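A structural walkthrough
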Amino acid sequence: MWPLMKHRLMYADDVAMFSRSRLHLKRALVELVRNAGEDGLTVNVRKTKWMKCGTGGPGVAGDFMFLGGELIERVKHFNYLGVILTERE
C-alpha cells in the first residue's frame with residue numbers, strides 16, 4: 001500500500017510524511033492524494049503544511065510546494081500529535 005510513502009507517520013486522520021528529497025516528497029504527496037481519493041477521502045490543502053529540516057542550506061528561489069494548483073504553506077515548526085518538530089531537528 002502506497003509504496004512511495006516509506007517514511008510516514010499515520011494516526012487516525014493525521015499523516016506526517018518525510019523524505020530526504022523534496023522531489024520524492026512531492027511524489028509521495030501526489031500518491032497520498034490519489035490513494036485517498038480511491039477511498040473517497042480528500043487532502044485538505046489548507047491544513048497541509050511542509051517544512052525543510054536539517055542543515056541542508058538555505059531555501060532556494062522557487063522553494064515552494066503546490067497541491068492541485070494550490071500553494072502549500074511552508075512552516076518553521078510543526079506540532080504533530082503533541083511533538084514539536086522544527087527546521088533544525
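For the structure itself, look to the data block above.
A brief look at the structure comes next. Values in this document were obtained by computation on a predicted structure and should not be read as measured data.

1. Examining the pattern of salt bridges
Two side chains that carry opposite charge are able to pair once their charged atoms sit near each other. With the rule as written, the count across this model stands at 2 salt bridges. Here lysine 49 ties to glutamate 73 by a salt bridge, and the two come within 2.9 Å at their closest N and O atoms. Note that lysine 49 is positioned in strand β3 (residues 49–50) and glutamate 73 in strand β5 (residues 70–74), a separation of 24 residues in sequence. Under the relative-accessibility criterion, lysine 49 is labelled partly exposed at 29%. Salt-bridge contacts for arginine 74 lead to glutamate 87; the nearest nitrogen and oxygen are separated by 3.5 Å. Taken together, the residues arginine 74 in strand β5 and glutamate 87 in the segment after β7 (83–86) connect sequence positions 13 residues apart.

2. Quick look at a nonpolar patch on the surface
Taken together, Phe64, Phe66 and Leu71 make up a surface patch of nonpolar side chains, about 320 Å² in accessible area. Examined against the element boundaries, phenylalanine 64 turns out to sit in the loop between β3 and β4 (65–67). According to the relative accessible area criterion, phenylalanine 64 is partly exposed, its value standing at 45%.

So, how was this worked out
Residues numbered from 1 in each chain as written. Predicted model: local features only at pLDDT ≥ 70, side-chain atom pairs only at ≥ 80, totals over all residues. Heavy atoms only, no water. Salt bridge = Lys/Arg side-chain N within 4 Å of Asp/Glu carboxyl O. Helix = DSSP H or I, 4+ residues; strand = E, 2+ residues; numbered from the N terminus. Buried < 20%, exposed > 50% of the residue type's maximum accessible area, 1.4 Å probe, protein only. Patch = residues over 30% accessible without salt bridge, like charges linked within 9 Å, V, L, I, M, F, W, Y side chains within 5 Å. Areas by Shrake-Rupley, 256 points an atom, 1.4 Å probe, with all protein chains shown as cover.

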